[in-house]
Protein chains: 4
Amino acid sequence: MIIVIKPDASEEAIEQLKNSIQDQGLIVQDIKGGNARMLGLAGDVSNVSPDTFSRSDIVESAFKVREPYKLAGRRFHPEDTVVSAGTAKIGGGHFAVIAGPCSVESEDQILSVAKDIAKSGAKLLRGGAFKPRSSPYSFHGLGLEGLELLKAAKQKTGLPIVSEILSQNHLDAFAEDVDVIQIGARNMQNFSLLVEVGKLKKPVLLKRGLSSTLEELLMSAEYLIKGGTDQVILCERGIRTFETATRNTLDLSAIPVLKQKSHLPVIADPSHGTGHWHLVEPLALAAVAAGADGLIIEVHNMPHKALCDGQQSITPEVFHHLMKKVNRVREAIKE
Amino acid sequence: MIIVIKPDASEEAIEQLKNSIQDQGLIVQDIKGGNARMLGLAGDVSNVSPDTFSRSDIVESAFKVREPYKLAGRRFHPEDTVVSAGTAKIGGGHFAVIAGPCSVESEDQILSVAKDIAKSGAKLLRGGAFKPRSSPYSFHGLGLEGLELLKAAKQKTGLPIVSEILSQNHLDAFAEDVDVIQIGARNMQNFSLLVEVGKLKKPVLLKRGLSSTLEELLMSAEYLIKGGTDQVILCERGIRTFETATRNTLDLSAIPVLKQKSHLPVIADPSHGTGHWHLVEPLALAAVAAGADGLIIEVHNMPHKALCDGQQSITPEVFHHLMKKVNRVREAIKE
Amino acid sequence: MIIVIKPDASEEAIEQLKNSIQDQGLIVQDIKGGNARMLGLAGDVSNVSPDTFSRSDIVESAFKVREPYKLAGRRFHPEDTVVSAGTAKIGGGHFAVIAGPCSVESEDQILSVAKDIAKSGAKLLRGGAFKPRSSPYSFHGLGLEGLELLKAAKQKTGLPIVSEILSQNHLDAFAEDVDVIQIGARNMQNFSLLVEVGKLKKPVLLKRGLSSTLEELLMSAEYLIKGGTDQVILCERGIRTFETATRNTLDLSAIPVLKQKSHLPVIADPSHGTGHWHLVEPLALAAVAAGADGLIIEVHNMPHKALCDGQQSITPEVFHHLMKKVNRVREAIKE
Amino acid sequence: MIIVIKPDASEEAIEQLKNSIQDQGLIVQDIKGGNARMLGLAGDVSNVSPDTFSRSDIVESAFKVREPYKLAGRRFHPEDTVVSAGTAKIGGGHFAVIAGPCSVESEDQILSVAKDIAKSGAKLLRGGAFKPRSSPYSFHGLGLEGLELLKAAKQKTGLPIVSEILSQNHLDAFAEDVDVIQIGARNMQNFSLLVEVGKLKKPVLLKRGLSSTLEELLMSAEYLIKGGTDQVILCERGIRTFETATRNTLDLSAIPVLKQKSHLPVIADPSHGTGHWHLVEPLALAAVAAGADGLIIEVHNMPHKALCDGQQSITPEVFHHLMKKVNRVREAIKE
């Protein structure tokens, strides 16, 4: 940690500050320069917050120089994590596409979509049983019945299931029925949910919050891993910016940045990231070119009749066509 | 709802679209202009999503022209809501300041602060028992013991208690011990928590999410009111922008905008909104001048030793001084 | 244009408003619905601002339903524009990479880089002679001498020159020496410069402003085209968001959105878009996969000694390697 | 400056880096800690960019610990600057309100408004002669004729004139006719204009760019002061965020932050900051309560007929009423 001292601080006050730091068992190094005076703190600073010092009258600023995550970071875990869910693997060279409708609507729908995407090469089936909607008047999903329909589709196609959990009340059902538990963007900092889901020791798909920094995303992954799950997939799904031409701004630089900082697999969601079905293909291909370990894409057999997110869902035919290009781009970027 | 038709759409296709809308029991009006063709939808469109139409090949865009909230809006509820919690009232001309430490740390601390702020004119006591922290390694509050200490402080001072709930597991405890249940910024769209808290029929302090629009804030209030609570206080606490000189960007225009659109009381949090104790006074006064119904301010007896948010907490002395100015500004803006 | 009427407006006031609109030679259509009353304006509304109506006591909101640009839009110009600069073509199926150092530093430097990038397949040479720097104390480029060195490099390699103009004082020099005049992000809304540059009737590379919407970018292109230049290249170079892990957030969805709305070629700048040299390759490939008509990349022979932007420049070797992958990705995304 | 070394760097490589820094005449201090190794640079680092080191294989990050501005900062200029323009003073305890129409439209209009605002207590007259508009089809002001009308209004009322310059071509006219030259938000980083305006040695009103940090605003002020003008007024006028309920998000925390970091006067523009006339009063009062040295407000005698920004202009009557409250709030916040 570095503490920048104000230029008008007295030597006496600086000495007092140094003593108080040393009293906490830390080593202080005094750094004097032409126009700056700093203190460098050494020792175990993991429990020391820069805020502790920001209050002091003689401190201009204080900050940590190392990232605050450990379990999610690559520093102490250099090799890639491979997440395994049923027959699917993701990360460490394994690439997987997750596809399916925004929400499970009926047995016909989910079976039809599941079969189609399996044929096209998807490795996992997504489907919402519980839907977070900004309006209390919107369709909120079929609930537990939705999970049953997903299980039926899994039985027919062999595709492991990805579904979003919204409430701690459903932990048991998700532990039993779902292969990869999704934490949605709006719950990325629902810390009590993170702690509970972590304890299930199952694969988790963690979506970046709408206004979350990559460091905050990794800190939420840290909660999950500390809780007991070392199987975490990070997902870039667009952040909120001033631009309104798209639903969100898909931040594809997040992919190489996260892969550099963390050992966890990183995927992208071009459906929520853009909000328009005709933008799904170009952004899906872009995510693959940027090095993503996978994609999560909304596919619906009748998008114009979808109960949710119809405008950003693609048809199985478009998905099939996209998967061919995805594979070609994967080949193209190989060393 | 307005549907803008693409310029190259055939009359046949437009006719088909109009018929399909009329089949849903809605009235369609055809609007032809020099360089635009639109359909105006009338009737009960509350369950009709613009997304349904965005997929159509002949539709350029579709959007609602009325706000999506009803219970939280002023349209059908023109008079101000007054929220009552114990001896305190807020809204409809009643002004109240909520103050106290970021987190409850000890009986001495909370009692000392509670007495001081009561003397200075605060009407409610805030204190965190459960703390949402971005790091799993930070101090997370005293938990249920923290609620007990808050109750002790209430007994001594008479100040009703405001505290943040993080988990559905604590609904019973909050229902019993807390006068105003706070929903934090990171849980503003934790819809399952909103539904459960709404059912308690208690006053709720709902903080704006870091990247939430005012419309989304009102939609979350709609969840609470629909759930059963008509006692909701809205709180502007800063949004996330590109600026790093402050912790967040306090959006004070939110105060008059919310008060125009909604009947609910609106308060501001200059502590989290700025992140620096020396900015609390100017922004607190600014919020009052902008028409806030109250403030929520972090006050700590020993900010430099606070376990949380010390850099943005003010001392009881500074708070006392601030309250005098707050009252003067309230007088100054009266008609 | 649509005018949404307030629910409590009297019929008399609405009638007055309708008459005042008709007096301007426009046609008004009255749209009555269950919970909304609107007026649809037809006729030539290009000179009518919605703001004119927003002041009225009975108007809730007013907005145009059609995009405000004409010359830059695809509506009246469906075929792709191909920009030609010397031997290079860009747009309409022509793909071109622009490369070179942030700033021209010496004859040796610019010649060395120009030869290297030409060998690797770059079609145009970029180099800054006048540099916009946030600090008055930073290196601001060699000025007119820089343009001379660029001309020397062009003579040796045949590569047309792209360079940024900062001041109207340099219009003559740029008209004579530069093949593609760059308008930087900070000048995207320097309207007097846009007007003057447009009059030169030369190819222009127009960079998106740090906080400009895509509509604003197209409106700035409209200034150029209206001024006299139909040769405009649009460039996505990253927008400013809350994320600090990268210098800017490269918005790759801008590529397909712009290509849909406009006939102008669209390129991406992964160097400024990310600010880190090791992110240039993944984001360059992603931009190509998203459908970009070209790239602009900072290449420096000795990035660690660069006078400007060294941390985001790649070496000629890395560029050579990247170009191979760029070509492979272009093949991969073909239908 | 601090250079953070990567954990796996060899001692040999660190030694080489230290030597290369010492070769530049700087002093290096080696800071070793539990989990961090840093180098502290002392001496004159004003011309040394952290980017120089970011390229190195053994460097994790490098950053300056001191602000990059000198002339605009309070460190070497602790006392407040007072800007004088004609009879008006602003800063250092002097408070002044600038008012007038968005654009000068006619002699009647500008005279009428000027007389009204002078009566209500405004100290300077604003009026746009050259208007920056995002569309080339909008009204762009009366140009030089507009300056003549402003001079006529000044002659009648004695109010000094504030007007925005858009082009270097008008430097002579502004030098002669205008008392305070305004640099608009879109030109805040038009560095060639800043340099030229600075040379005029006249008072300048510098508006914050839509996506400019406070540090960047101060760096642009640094350009002006270095150029020759020590009379610079800083203006917060709203930044661009995701919120669409207001035209911009007025960042009132900028006022106390700027006043702490700089000796220059700081004013706020609640008209552009909100974009809605009914929000001007609450935000104007809030800015005063936050410590602003003044305000700039759009006042129009017939806002519903204004050629520009009518929706955010207030009438002279509303302005008169507002000024009374402004004065009361100024009294209320005095110590």
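Basis of the calculations
Residues numbered from 1 in each chain as written. Chains lettered and ligands numbered in written order. Predicted model: local features only at pLDDT ≥ 70, side-chain atom pairs only at ≥ 80, totals over all residues. Domains from an automatic or database assignment. Least-squares fit on C-alpha atoms with pLDDT ≥ 70 in both. Contact = placed C-beta atoms within 7 Å. Helix = DSSP H or I, 4+ residues; strand = E, 2+ residues; numbered from the N terminus. Nonpolar A, V, L, I, M, F, W, Y, C, P; charged D, E, K, R; others polar. Expected span 1.5 Å × (residues − 1). Buried ≥ 20, exposed ≤ 12 C-beta atoms within 10 Å, placed from the backbone.

## Some points on the domain arrangement of chain A
Then, number 1: Considered domain by domain, chain A is made up of domain 1 (2-63) and domain 2 (83-332).
Then, number 2: Here domain 1 of chain A and domain 2 of chain A have C-alpha centroids that lie 45 Å from each other.

## A word on the relation of the copies chain A and chain B
Then, number 1: Overlaying chain A on chain B yields an RMSD of 0.0 Å, the required transformation being a rotation through 180° with an accompanying axial translation of 0.0 Å. Accordingly, the operation relating the two chain copies is best matched by a two-fold axis. It is Ser 211 of chain A whose C-alpha, among those of chain A, lies nearest the rotation axis, at 2.9 Å.
Then, number 2: With an isologous cut-off of 70% or more, the 100% of interface residues of chain A that recur at the interface of chain B puts this contact in the isologous class.

## Quick word on the interface of chain A and chain B
Then, number 1: Counting residues at the interface gives 35 residues for chain A and 35 residues for chain B.
Then, number 2: Put simply, the parts of the chain that give the side of chain A that touches chain B at least two residues each are helix H2 (51-54), helix H6 (191-199) and helix H7 (214-227) of chain A.
Then, number 3: The element contributing the most residues to the side of chain A that touches chain B is H7 of chain A, with 5 residues.
Then, number 4: Looking at side-chain class alone, the side of chain A that touches chain B contains 10 nonpolar, 18 polar and 7 charged residues.

## Observations concerning helix H7 (residues 214-227) of chain B
Residues and elements named next belong to chain B.
Then, number 1: For H7, built from 14 residues, the straight-helix expectation of 20 Å at 1.5 Å per residue is met to within 8% by its first-to-last C-alpha distance of 20 Å.
Then, number 2: For H7, the buried fraction is high: 10 of the 14 residues fall into the buried class.
Then, number 3: Looking at H7, one finds that the buried residues are Leu 214, Leu 217, Leu 218, Met 219, Ser 220, Ala 221, Glu 222, Tyr 223, Leu 224 and Ile 225.
Then, number 4: Elements in contact with the buried residues of H7: helix H6 (191-199), strand E11 (204-207), strand E12 (232-236) and helix H8 (254-261).

## Here we look at the interface of chain A and chain C
Interfaces are frequently sized by the accessible area removed from exposure as the parts join.
Then, number 1: Taken together, the contact between chain A and chain C spans 35 residues of the former and 34 residues of the latter.
Then, number 2: Contributing elements (two or more residues each) for the side of chain A that touches chain C: helix H8 (254-261), helix H10 (277-289) and helix H11 (316-332) of chain A.
Then, number 3: No other element matches the 8 residues that H10 of chain A contributes to the side of chain A that touches chain C.
Then, number 4: For the side of chain A that touches chain C, the class distribution of residues is 21 nonpolar, 9 polar and 5 charged.

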